[in-house]
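For reference, the chains in residue letters:
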Amino acid sequence: TVTNAETGEPLIGANILIKGTSNGTITDLNGIYSLNAEKSSTLVFSFIGFGSKEEIVGNRSIIDVNLSGSELDEVIVVGYGTQKKKNLTGAVGTLNTEDIGSQSVTSAASVLQGRVSGVQLIQGSAQPGNDNPTIQIRGVGTVRSSIDGQNNDSAPLVLVDGVQSTLNDVHPNDIESFSVLKDASSAAIYGARAANGVILVTTKRGKSGKPKVSLNSYIAFQSATATPSVLSPYNFALLKNEAQTNIGNTESYTQSELDLFKNGGNPLYNNGPSFFDEGYRKGAPLQNHYFSVTGGTEYVKYMFSAGFQDQEGIVIETDSKRYNFRSNVDVKVSEKFRTGLNISGSFTNSNEPNYSNFGVTQLVRDMIRHAPLNPYRYENGYISMGNVELSGRTSTAIHPIGLAKYGGNDNTKYYRATPNLYMELEPIKDLIFKANGSVYVEDRKQSFFRSKMTVSDGKNVFTANGLGEYRETDFLNTTSTFELTARYNKTFGKSNFGGLAGYTSQAYRQDFLSAANEGYNNDLLTELDVASLNPSVGGNASEWALQSYFGRVNYDYDGKYLAEFNIRYDGSSRFGENNQYGTFPSFSLGWNMAKEAFMANLTKVNEMKIRASWGQLGNQNIGNYSSIATVNLDQPYVFGNSLVAGAASRALANPNVKWETTETTDIGLDMTIFDYKLSFTADYYNRKSKNVLLSPPVVATLGNLSPPVQNQGEIQNQGYEFSLNYYGNIGSEFRYSLSGNWSHNDNKVLKLDSEFLSANKVLTKEGYPINSFYGHVITGIFQSDIEAQDAESFGLQPGATLVSAGDYIYEDRDGNGIVNADDRAIIGDPNIRNTYGMTLTADYKGFNFRMMFQGVLGRDVENGVFGTDGMRGYSNLTNLYLDRWTPENPDTDVPRVATNYKYNTSLFVGPALSSAILNASYLRMKHIELGYTFPVELTERLGFSNLRVYVAGQNLLTFTKFVDGFDPEDASTFNNVNDSYPQAKTVSMGVNISF
Amino acid sequence: CADLDRYPLNAIGEPQFWSSSDDAVLGINGVYNVLAHNHMYRDFMRHSDAIGDNAYSQYSFNYYLEISEGRGYDASSVWPLNFWKKSYEGIVRANEVLENVPDITMDEATKSRILAEAHFLRALFYFHLTNLYGDVPLVLTKQTIGESLVARDPKATIVTQILNDLTLAASILPDSYGPSNLGRATKGAALTLKSRVHLYNKQYAEAISTANEVIALGYDLLPQSSYKDMFLPTLENNAVESIFEVQFLGKSGTSGVGSSFNSNSGATPSFGGASYSPIQELIDAYEPGDIRRNVTVLEPGQTFAGLAFDPVRSPTGYALIKGVIPDVTITDDGDANFVVMRYAEVLLNLAEAENELNGPTTIVYNAINEIRNRVNLLDLPGGMSQEEMRIAIKKERRLELAFEGHRYFDLLRYGSADLKASMESVTSVQGHERIYNDRLLQWPVPQNEINIDQNLLPQNSGW
């Protein structure tokens with residue numbers, strides 16, 4: 001029998017496992033179990049929310065154990081150490097990889113989505129080798145973000161086993177856990193780099209015992225979650241005729257041509273498959289294989305692994321292969337001295353079409369906008385470029401599919417390696433000195449080959465797509481880090497003290513090299529040496545360095561009253577000589593109320609902790625040399641028909657520039673109730689960035705110089721987060737869990753001396769969310785020409801006399817009778833307001849089921865130009881325009897088509913139109929999985945300790961009101977959707993084996 | 001311990017620069033660099049004919065369309081800011097040279113030539129600036145951010161400064177350069193610009209005398225057979241007619257130093273669509289037999305670079321080919337220079353100034369007929385009135401100097417009647433309508449700058 005140590009009640013559904021195997025059972029309704037085991041084997045008893053116990057069987061036939069909830073000592077990784085979860089006073093989100101099931105993510109960071117509150121993660125793309133999600137923790141806190149708002153300036157600091165690096169090429173199966181440091185108290189130990197939060201990744205390590213081999217393999221098939229639907233050749237021609245007659249031009253296509261488009265008959269007129277039928281693969285294969293060995297003795301523990309992934313992309317001509325390895329070795333030399341070496345590395349090799357030097361996103365764009373009037377190939381065998389039959393009445397560009405297939409190839413190779421050596425000395429008990437040295441090396445080698453093509457317009461044959469061009473670039477990044485820490489723990493009676501002091505220095509360097517040649521006549525030989533027309537070279541390097549001192553003190557009294565204080569003193573080469581060092585303090589308090597006598601009667605409450613924290617963090621994302629005035633030598637001119645160097649200053653420097661300070665207050669509650677079955681965490685935070693790093697504009701009469709980075713302005717992110725976990729069982733065989741989380745964030749610019757308008761449509765202004773959409777409010781569609789020209793009622797519209805029935809009504813907000821720039825307003829907020837996730841798991845006998853939903857509620861993006869520009873030239877439109885305004889179809893919100901009429905579209909450069917601001921909220925089934933673990937009796941016969949097979953799906957279901965044919969989970973907020981690589985809907989099948 | 005003192009690895013610290021003659025040369029070259037920018041001669045000066053009545057700019061994203069239509073743009077728009085910024089970039093770079101080079105120990109002749117080049121270039125930048133915006137801040141020395149909130153100075157003050165700079169430059173600059181310095185400003189360049197400045201400001205006597213100073217330097221018109229090649233690499237920097245060219249170098253491996261005239265023309269499939277296209281009204285202006293028509297415009301049915309012209313690539317059905325190299329492999333990395341000043345302009349300046357001052361004298365007839373005869377046209381009929389001659393000179397200037405950065409600026413200086421008439425004359429482009437307003441005679445001071453510097457107020461009238 002297994003019982004609860006505190007109450008003496010039987011524990012239903014507790015796990016009993018024969019150690020080193022997956023052979024086990026669970027207790028029944030009375031807490032009783034039975035199991036066949038060898039005398040020499042060890043039984044491991046565990047129950048969710050309780051500590052575990054091990055018992056050697058020996059000669060016993062009945063083994064009763066009691067498990068204690070108070071023994072629960074879940075330990076989580078925090079900055080420069082670990083902390084018992086129950087003693088934690090900061091806001092740390094954790095995720096153990098065993099809780100993600102077998103989700104077939106190709107980028108390790110993606111698993112955080114929907115599982116950790118406060119993490120705003122947008123997957124964005126499923127492009128092989130280029131599918132790293134954009135991550136923000138608790139909103140955008142800095143102005144120095146691009147108009148897309150999610151670039152590196154607001155990305156969290158990522159440390160893998162304590163080494164600053166990237167999650168991009170880490171094999172998901174190597175990861176033991178994630179810790180997301182969300183508040184200042186938990187992150188302040190990382191000082192000037194922690195303002196955007198910190199993600200700590202811990203990889204798996206060896207444990208004492210006989211070697212254990214794990215094999216995980218899956219194959220998956222990916223398809224686009226959404227495919228744009230564009231006008232067919234016939235509809236295109238029909239609408240183009242309408243667009244022409246709408247502005248008084250003659251029709252472009254004759255009735256007999258329309259018939260040909262509709263019925264076929266002439267091979268010069270396209271009626272083959274649509275671009276997306278040819279350009280998107282359905283069920284693009286993905287395979288991933290992983291091998292690891294863990295084990296060890298008392299003295300040496302090891303873990304090593306290798307992974308391989310081969311992915312074909314949803315878009316043709318895209319693919320990626322990735323190879324990973326990792327080796328973590330820990331050596332206990334003596335009781336006083338430990339050392340270890342971690343080495344990890346990866347190699348990624350990805351391809352995409354060159355597509356006129358633009359890459360694959362341009363292909364997606366062209367599949368939308370390219371006039372669908374010429375076939376892929378003409379009968380003469382050549383790829384089509386223009387159509388002689390339709391000369392003057394179609395696109396003259398190369399057929400998108402032909403250009404993707406034969407226009408050249410871009411290749412990206414990443415080589416990454418991270419060696420990390422540590423030594424630990426414990427001269428007296430509980431005083432540990434640790435030295436840690438690492439180098440993170442990343443080399444990105446890219447090549448861009450644009451091949452010369454021979455194409456045809458159906459009659460003439462000519463060369464196109466350049467001269468045969470090849471370019472190679474290489475970015476070598478090295479980050480070397482040295483750390484020295486000392487930590488000490490001491491207990492006096494019921495008082496427990498812990499302390500940490502440390503020093504770290506870090507140096508970063510990037511070297512860049514590029515070279516190019518032209519005149520390549522053969523697509524097979526594409527090395528630099530092969531041609532020698534118009535050669536060019538380029539190169540560059542930059543550096544930064546950091547030197548810091550830090551410390552931490554923890555105190556708790558009887559586990560009831562908790563306090564922690566952190567401080568970091570950070571020096572950065574990026575700051576001006578007058579401000580090289582900054583201090584980042586934080587403190588936090590916690591009260592484990594459940595331990596108080598007055599709570600003793602509330603036996604259903606197992607844990608209840610209130611915590612509060614305050615602290616300051618820094619942001620040093622200002623570029624490497626913002627404080628130094630320079631003269632650049634890259635201002636050449638031509639004399640005597642040869643290029644000569646020229647020099648000029650390009651930017652103003654600010655020698656006083658310093659870090660941006662983010663001050664976060666966090667109040668949280670952790671509760672565990674009902675025999676540890678239900679746990680609940682809530683946090684409220686207020687995150688204020690002060691001395692925000694930004695570059696207020698300076699007048700051009702200073703010489704059109706880039707303004708210096710200055711510390712100015714204040715931004716607030718305020719919000720709350722909830723997460724809830726419930727573990728339950730029905731009978732002894734059926735166990736289930738439910739968990740959910742909800743995060744809400746409000747962004748607001750509290751103080752800003754002058755507003756910033758980027759790209760003429762993205763405004764950062766005091767009192768509003770950062771990067772708000774700014775533009776004209778569209779109030780409807782004119783129903784008659786008389787109405788359209790009625791300046792008294794509607795104001796003189798921007799299109800003036802060209803405005804007709806079917807055009808957008810721009811709101812004359814100031815009512816002065818003319819619609820102009822003064823009538824613009826804030827019309828959308830690209831910041832994510834709410835994210836949420838829900839997970840359900842169920843286990844019955846060998847079957848296990850898991851389902852995860854994830855969603856965003858409240859995020860605006862701007863619709864793109866392509867496919868929505870009402871036929872400005874010979875560009876295609878999406879099928880949305882089948883519902884365009886016509887006198888016969890007046891009740892619609894899609895404007896008329898009109899050649900070259902530009903006022904119905906939110907253009908790249910023009911102000912945004914409210915009609916183009918889309919709500920990108922969605923709820924999607926991110927993951928679903930059904931697995932079966934074969935009975936031990938069977939697997940043992942095969943020599944395995946565990947054998948599990950599963951089928952899983954990703955993104956199989958999506959609920960959204962977003963525009964048809966496009967995915968709402970797109971990283972770009974500005975001119976969104978129509979040049980993005982699609983998201984993947986994936987079905988996978990896999991097997992997990994261990995022995 | 002980590003070394004936190006990290007300095008840029010590809011730029012020189014400002015305090016270390018301006019110490020040698022090499023630095024002086026680098027500095028002046030950096031001023032020329034501004035000329036080759038898209039917002040100056042690489043695109044704007046040529047494209048500006050589409051704001052005038054020679055062409056149509058089809059893409060809304062580069063804003064010329066809005067300016068040409070006379071609406072849809074205002075002080076907050078991109079172009080008023082682009083050109084303002086680029087001009088001051090050139091001016092401040094020239095100021096840096098003028099401030100720092102005198103203290104460098106170096107060959108005195110080279111030093112004074114470099115200073116004279118800086119004076120010339122500063123004058124050129126201020127000239128365009130004041131033509132577009134009228135009163136602008138006169139910045140002649142280095143400023144700090146604290147000193148930067150300047151006010152505007154009267155156009156007359158700017159013009160005086162331009163003329164002073166040019167007089168000084170003309171007194172020092174050489175008549176010509178050896179091969180390695182070909183492309184630097186010459187005495188002829190300074191004088192030609194000066195004659196243009198005088199003409200623009202109705203100082204006709206000075207315009208005439210300065211034009212005559214240029215003529216005295218021995219320039220001449222190239223023969224008819226060379227007319228087309230004058231705008232192509234074949235005859236670039238020729239010592240006969242060419243006076244000042246912004247230099248471009250194709251296929252150098254460095255971006256932005258080649259010209260973009262091919263890629264904007266739409267003449268062949270590999271160039272893509274035309275950014276700006278000659279319009280029917282320009283075609284109609286050519287007299288029969290004028291060879292300039294086929295040097296400037298590619299028409300349906302004609303071939304270019306051996307390929308039949310497909311008019312779909314241009315919304316007007318015509319493609320601009322002046323300065324376009326007949327080679328399908330060259331797109332935005334061309335070798336063709338931008339001819340900023342040539343002898344034909346000097347004759348036109350002379351003719352116009354003489355006609356304004358003394359009426360249609362023989363000097364006027366001779367100058368205009370010299371230009372007409374070269375392009376296969378007969379002499380103008382004798383006995384024209386001053387007004388008739390004025391109209392004839394304007395037309396000759398429009399056709400002779402089309403797409404050379406003159407037409408739009410000429411229309412602005414001719415005044416409201418001419419600008420209005422020219423805008424209203426453009427009716428051939430479907431869906432394109434130009435609406436005149438008096439405010440269009442000057443560009444607005446960029447709102448972006450006014451937001452930072454209230455001293456730039458008041459705004460130009462009507463904006």
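To start, this report covers the structure provided alongside it. All of these numbers come straight from a predicted model, not from anything done at the bench.

This part covers the overall build of chain B. Assigned secondary structure in chain B consists of 17 helices and 9 strands. For a compact globule of 463 residues, the expected C-alpha radius of gyration is about 23 Å, and chain B comes in at 22 Å, within 12% of that figure. Based on the C-alpha atoms only, the size of chain B along its principal axes is roughly 75 × 50 × 45 Å. Evaluated residue by residue, chain B yields a buried proportion of 56% over its 463 residues. For chain B, the share of sequence-separated contacts (at least 6 apart) that also reach a separation of at least 24 residues comes to 68%.

Between chain B and chain A, the residue contacts involve 74 residues of the former and 75 residues of the latter. Elements with a minimum of two residues in the side of chain B that touches chain A: β1 (11-13), α1 (21-35), α5 (78-100) and α17 (447-452) of chain B. When residues in the side of chain B that touches chain A are grouped by element, the largest group, 8 residues, is from α5 of chain B. Of the residues contributing to the side of chain B that touches chain A, the split by class is 33 nonpolar, 24 polar and 17 charged.

A word on the sheet that holds strand β15 (residues 198-203) of chain A. In space, the 5 strands of this open sheet follow the order β9-β14-β15-β12-β13 (chain A), with mixed pairing throughout. In this open sheet, the two edge strands, each paired with only one partner strand, are β9 (92-96) and β13 (163-164) of chain A.

The subject of this paragraph is the packing of helix α8 (residues 187-200) of chain B against helix α12 (residues 343-358) of chain B. Residues and elements named next belong to chain B. Close contact between α8 and α12 brings their axes to 10 Å; oriented N to C, the two are set at 30°. Regarding the angle of α8 to α12, the classification is roughly parallel. In this structure, α8 meets α12 at a crossing whose hand is left-handed. Of α12, the residues touching α8 (which contributes T192, S195, R196 and L199) are E345, V346, N349, E352 and A353. The class makeup of the residues in the contact of α8 with α12 is 3 nonpolar, 3 polar and 3 charged.

Let's shift gears to the sheet that holds strand β25 (residues 461-464) of chain A. Residues and elements named next belong to chain A. The 3 strands are arranged β21-β24-β25 in an open sheet whose pairing can be described as mixed. Bordering the open sheet on either side are β21 (383-384) and β25, each of which pairs with just one other strand. Pairing geometry for β21 and strand β24 (residues 453-456), over 2 bridges, is parallel. The residue bridging I383 from the neighbouring strand is V455, located in β24.

Conventions used here
Residues numbered from 1 in each chain as written. Chains lettered and ligands numbered in written order. Predicted model: local features only at pLDDT ≥ 70, side-chain atom pairs only at ≥ 80, totals over all residues. Helix = DSSP H or I, 4+ residues; strand = E, 2+ residues; numbered from the N terminus. Rg over C-alpha atoms; globule rule 2.2 N^0.38 Å. Buried ≥ 20, exposed ≤ 12 C-beta atoms within 10 Å, placed from the backbone. Contact = placed C-beta atoms within 7 Å. Nonpolar A, V, L, I, M, F, W, Y, C, P; charged D, E, K, R; others polar. Pairing = 2+ DSSP bridges. Axes fitted to C-alpha atoms, helices over the stretch in contact; angles between N-to-C directions. Parallel < 35°, antiparallel > 145°, perpendicular 65-115°, else oblique. Left-handed = near helix turned anticlockwise from the far one by under 90°.

What is shown is where atoms sit, not what they do.
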